[in-house]
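# Structural characterization, general
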Amino acid sequence: MTLASVIIIGAGQGGLQAAISLRQEGFSGAITLIGAEPGLPYQRPPLSKAYLLEGKAEALTLRPESFFRTKDITYLTETRVEGIDRAAGQVIAYGPQGTMRLGYDALVLATGARNLRPPIEGLEHALDLRTLADAARLRAALATKRRIAVIGGGFIGLEFAAMARKLGHGVSVIEAAPRLMARAVSPAISAHFARLHQDWGTELILGHAATRIAPDAVTLANGGTVPADLVLLAAGVRPNSDLAEAAGLVVENGVRVDATLRSSDPAIFALGDCACFLDPRTGAHIRLESVQAATDQARLIAANLVRGTSTAYGALPWFWSDQADIKLQIAGLGGNDCTDILLQDGVVARLRGPDVVAVETLNKPGIHIRARKLLAGNDPVALDQISAIAAPQAAGAA
Amino acid sequence: MVKVIYIAADGTRTEIDAPEGESVMRVALANDVEGIVGECGGAMMCATCHCYVEPDWAGRTGERVSGEEDMLEGAASEVTQYSRLSCQIPLTGALDGLVVRLPEDQI
Ligand SMILES: Cc1cc2nc3c(=O)[nH]c(=O)nc-3n(C[C@H](O)[C@H](O)[C@H](O)COP(=O)(O)OP(=O)(O)OC[C@H]3O[C@@H](n4cnc5c(N)ncnc54)[C@H](O)[C@@H]3O)c2cc1C
Ligand code: FES
């Protein structure tokens, strides 16, 4: 395959990184980055954190306009790809310039995810928190004192809840699962955050689904009501894989890609929130929602494309969440099949069989970074090794 | 405005006039200075904004903040006594003319 033109669909953190990395790898052909949102590509993590407090949208921008000129990257903003014509090697996009057909030799899908919309009556009363426009709307709504219900006790809902409490609003978090962040963290960490949020004055309603939203209250499945004049929907996301599906690619919990992040069409790759990739650590196909996965996957795709290699993706997942003054850091990837061991207050090792597969820490960056290094290696990591780096003297010496 | 001078690993020198209050990391990204990645956006999570403060300036940029030392352990290039995470250096009037050197690798 001669590689003269690469198109990237989605100008979020992963899509932009793919463009950056292609140039860094020395690719001199055409790069077209197509994004549905207005403005320059920006980072999402601060949307549920500092942005709500400070409202500085400029601070989120990932690269200035001049970057696209100097790097000769065509950035089509407010332009949505509506179809992929694989036979012709073209995408069909619609934007301010009207409809266009653009040819590619390689196509990168970086379309991210959208809010999951559970079957809740009156969902139109709820606000989302996914884009800068969403966050700006929420921030404006927070200008007056509110009684807030957050539907979903995951990272985004909880980060928002912590911020809203800090700003003096009344906050209830409604979570259908029996514990907070249940898909992503150990029960010990869930419990720790439940106590923290309650201490901060947030009402937690666990194990109850919301069924109806009215302008002044949310109704629960058990018939209870939660008064609220502002409702945030943060019940998880859905990968944006409709384009891929319509183009006949294999789609299953996102665009299904192999170990090299290639889809069922060898000219099409997928990364980040929209991609379900073969995880070398477990042999399972997984989909991650993190800056780390989006950018590391972008780098791998760019390197393989430019060098003509087929290196498998194997970066260690890591993640963070800031809730008020508590920083949760996760090295590796655990699951509900793990055995969890609380090594000390705020440090949990998650094991599969004898091997540690993830380490969760609260406000302990030293232990996090050392665990990350250990877990990123090729050898299995034993509990002793984590205990050693988590020992008070190791932590104190840092 | 405060002047910041970035010297890349290959010697490329970039001078930027930046507003006070911005971090050395943000200013680099906003001005397309190569050599700083800043993947976590300044959350002190990634150590991809590593820089070496020119020794003359080290006194003025202040101490490493809590947790910074730990995260520096994750930096991709050698860490020296002049190493800082540039997202943790806010620009102030006292830093007008600040010189930072950038490492070979951030990832
Ligand atoms: C509020 C919030 C807080 C977060 N906090 C953290 C955190 O603390 N740590 C962390 O690691 N991660 C966090 N994340 C997750 C992280 O932001 C995402 O995992 C990351 O942005 C994924 O990058 P991506 O490139 O895959 O997708 P995105 O950044 O979502 O970008 C996808 C882009 O594609 C565009 N698009 C979709 N379809 C089309 C189309 N057909 N044509 C053109 N454009 C299209 C979308 O409009 C969007 O702009 C957070 C996310 C949110 C929303
Ligand atoms: S930008 Fe991530 S640690 Fe500084």
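Attention here is on the structure that accompanies the text. (Residues numbered from 1 in each chain as written. Chains lettered and ligands numbered in written order. Predicted model: local features only at pLDDT ≥ 70, side-chain atom pairs only at ≥ 80, totals over all residues. Heavy atoms only, no water.)

### Some thoughts on the nonpolar core
All names here are of chain A. Using the following cut-off: For this analysis, a nonpolar core means a set of buried residues of the types Ala, Val, Leu, Ile, Met, Phe, Trp, Tyr and Cys, connected via side-chain atoms within 4.5 Å. Throughout this description, buried means an accessible area under 20% of the type-specific maximum (1.4 Å probe, protein chains only), exposed means over 50%, and partly exposed covers the range between. Helix and strand assignments come from DSSP, with helices taken as H or I runs of at least 4 residues and strands as E runs of at least 2, each series counted from the N terminus. Pairs of residues are marked as contacts when any of their non-hydrogen atoms sit within 4.5 Å.
One finds Ile8, Ile9, Ile84, Leu107 and Leu109 to be the most contacted residues of the largest nonpolar core, which totals 55 residues. Examining the composition of this core, we find that six residues originate from one element, helix H8 (residues 291-307), more than from any other. Apart from residues lying up to four places away in sequence, Ile84 is in contact with Ile9, Gln90, Val91, Ile92, Tyr104, Leu107, Leu109, Leu243, Ala247 and Ile268. Among the nonpolar cores identified, the runner-up in size contains 36 residues, and Leu129, Ala135, Val173 and Met181 belong to it.

### Thoughts on the interface of chain A and chain B
Often the size quoted for an interface is simply the accessible area lost on bringing the parts together. As a reminder of what qualifies: Note on terms: buried area is the combined drop in 1.4 Å-probe accessible area of two parts once they are placed together, counting the loss on both. Here a salt bridge means any side-chain nitrogen of Lys or Arg lying within 4 Å of a carboxyl oxygen belonging to Asp or Glu.
With 30 residues of chain A at the interface, the matching set in chain B holds 21 residues. Summed over both partners, the interface of chain A with chain B buries about 2000 Å², with 50% contributed by carbon and sulfur atoms. The tally of links between chain A and chain B comes to four salt bridges. Two residues, Lys71 of chain A and Glu34 of chain B, come together in a salt bridge whose shortest N-O distance is 2.6 Å.

### Looking at the site of ligand 1
All names here are of chain A. The condition is simple: Any residue with a heavy atom positioned within 4 Å of a molecule or strand is treated as near that molecule or strand. Polar contacts, as counted here, are pairs of nitrogen or oxygen atoms within 3.5 Å of one another; within protein the pair requires one atom able to donate a hydrogen and one able to accept it, and residues that are adjacent in sequence qualify only if both atoms are side-chain atoms. Only the protein chains shown count as cover for residues, and all accessible areas are computed by the Shrake-Rupley method using a 1.4 Å probe. In this classification, the charged set is Asp, Glu, Lys and Arg, the nonpolar set is Ala, Val, Leu, Ile, Met, Phe, Trp, Tyr, Cys and Pro, and all remaining amino acids, among them Gly, are polar. Domain ranges listed in this record stem from an automatic or a database domain assignment.
The environment of ligand 1 is made up of 33 residues, and the closest members are Gly14, Glu37, Lys49, Arg130 and Asp273. With respect to ligand 1, the backbone of Ala36 contributes an N or O atom lying 3.1 Å from a nitrogen atom. Contact distances for ligand 1 include 2.9 Å between a nitrogen atom and a backbone N or O atom of Val81. Look at ligand 1: alone it shows 1000 Å² of surface, and the protein chains cover 95% of it. No other element matches helix H1 (residues 13-24), which puts three residues into the shell around ligand 1. Here the shell around ligand 1 is built from residues that sort into 13 nonpolar, 13 polar and seven charged. A domain split of the shell around ligand 1 shows at least three residues from each of domain 1 (5-114 + 237-307) and domain 2 (117-233).

### Examining the pattern of salt bridges
Pairs can form between side chains of opposite charge whenever their charged atoms are close. In total, this model carries 28 salt bridges over all chains according to the counting rule given. Here Arg256 of chain A and Glu252 of chain A are joined by a salt bridge, their closest N and O atoms 3.8 Å apart. Residue classification places Arg256 of chain A among the partly exposed positions, given a relative accessible area of 29%. With a shortest N-O distance of 2.7 Å, Asp337 of chain A and Arg352 of chain A are connected by a salt bridge. Linking Asp337 of chain A in the loop between strand E23 (326-332) and strand E24 (339-344) with Arg352 of chain A in strand E25 (residues 347-352), this pair joins segments that are 15 residues apart in sequence. Looking at Asp337 of chain A, the relative accessible area reads 52%, which means it is exposed. The network of salt bridges with common partners includes Lys3, Arg13, Glu15 and Asp17 of chain B.

### Examining the environment of Pro96 of chain A
Tracing the sequence through the fold places Pro96 of chain A in the loop between strand E5 (90-95) and strand E6 (98-103). A sequence separation of 18 residues divides Pro96 of chain A from Glu78 of chain A, and the C-alpha atoms of the two residues are 7.1 Å apart.

### Quick notes on the environment of Gly122 of chain A
For Gly122 of chain A, the position within the fold is in the loop between strand E8 (113-115) and strand E9 (126-127). Gly122 of chain A sits 58 residues away from Pro64 of chain A along the chain, and the two C-alpha atoms are 40 Å apart.

### Section: helix H10 (residues 383-390) of chain A
What counts is decided by this rule: Note that the arc is defined by the directions from the helix axis to the C-beta atoms.
Listed as buried for H10 of chain A are Ile386, Ile389 and Ala390 of chain A. Along the axis of H10 of chain A, the buried residues cluster in a sector spanning 100°; they form a single face.

### Considering the packing of aromatic side chains
All names here are of chain A. Which entries qualify depends on this criterion: In summary, the pairing rule links any two rings of Phe, Tyr or Trp, Trp by its six-membered ring, whose centres are within 6.5 Å, and it sorts them by plane angle into stacked for under 30 degrees, edge-to-face for over 60 and tilted for everything else. Both a distance and an angle decide whether a charge sits over a ring: NZ of Lys or CZ of Arg must be within 6 Å of the ring centre and within 35 degrees of the ring normal.
If you walk through the whole model with that rule in mind, you get five aromatic pairs over all chains. Each ring, one from Phe155 and one from Phe319, has its centre 4.6 Å from the other, and the planes form 40°; the classification is tilted. Linking Phe155 in helix H5 (residues 155-166) with Phe319 in strand E22 (residues 318-323), this pair joins segments that are 164 residues apart in sequence. Judged by centre distance (5.3 Å) and plane angle (90°), the ring pair of Phe277 and Tyr313 falls under edge-to-face. On the criterion of sequence distance, the pair formed by Phe277 in strand E20 (residues 275-278) and Tyr313 in the loop between H8 and E22 is long-range, its members being 36 residues apart. Each of the two residues, Phe277 as well as Tyr313, counts as buried. Every member of this aromatic cluster is reached through a ring pair, and the members are Phe67, Phe68 and Tyr75. In this arrangement the basic side chain of Arg372 is found over the ring face of Trp318, its NZ or CZ atom lying 4.0 Å from the centre.

### Notes on the packing of H1 of chain A against H8 of chain A
All names here are of chain A. Selection rule: Axis lines are fitted through C-alpha atoms, for helices just across the contact stretch, and the angle between N-to-C directions can take any value from 0 to 180 degrees. Should the near helix be turned counterclockwise from the far one by less than a right angle, the crossing is left-handed, whereas a clockwise turn marks it as right-handed.
Look at H1 against H8: their axes get within 8 Å of each other, and the N-to-C directions meet at 35°. The element H1 and its partner H8 pack so that their crossing is right-handed. Taken together, the residues of H8 that come into contact with H1 (itself represented by Gln13, Gly14, Gln17, Ala18, Ser21 and Leu22) are Val291, Ala294, Thr295, Ala298, Arg299, Ala302, Leu305 and Val306. For the contact of H1 with H8, a count of residues per class yields eight nonpolar, five polar and one charged.

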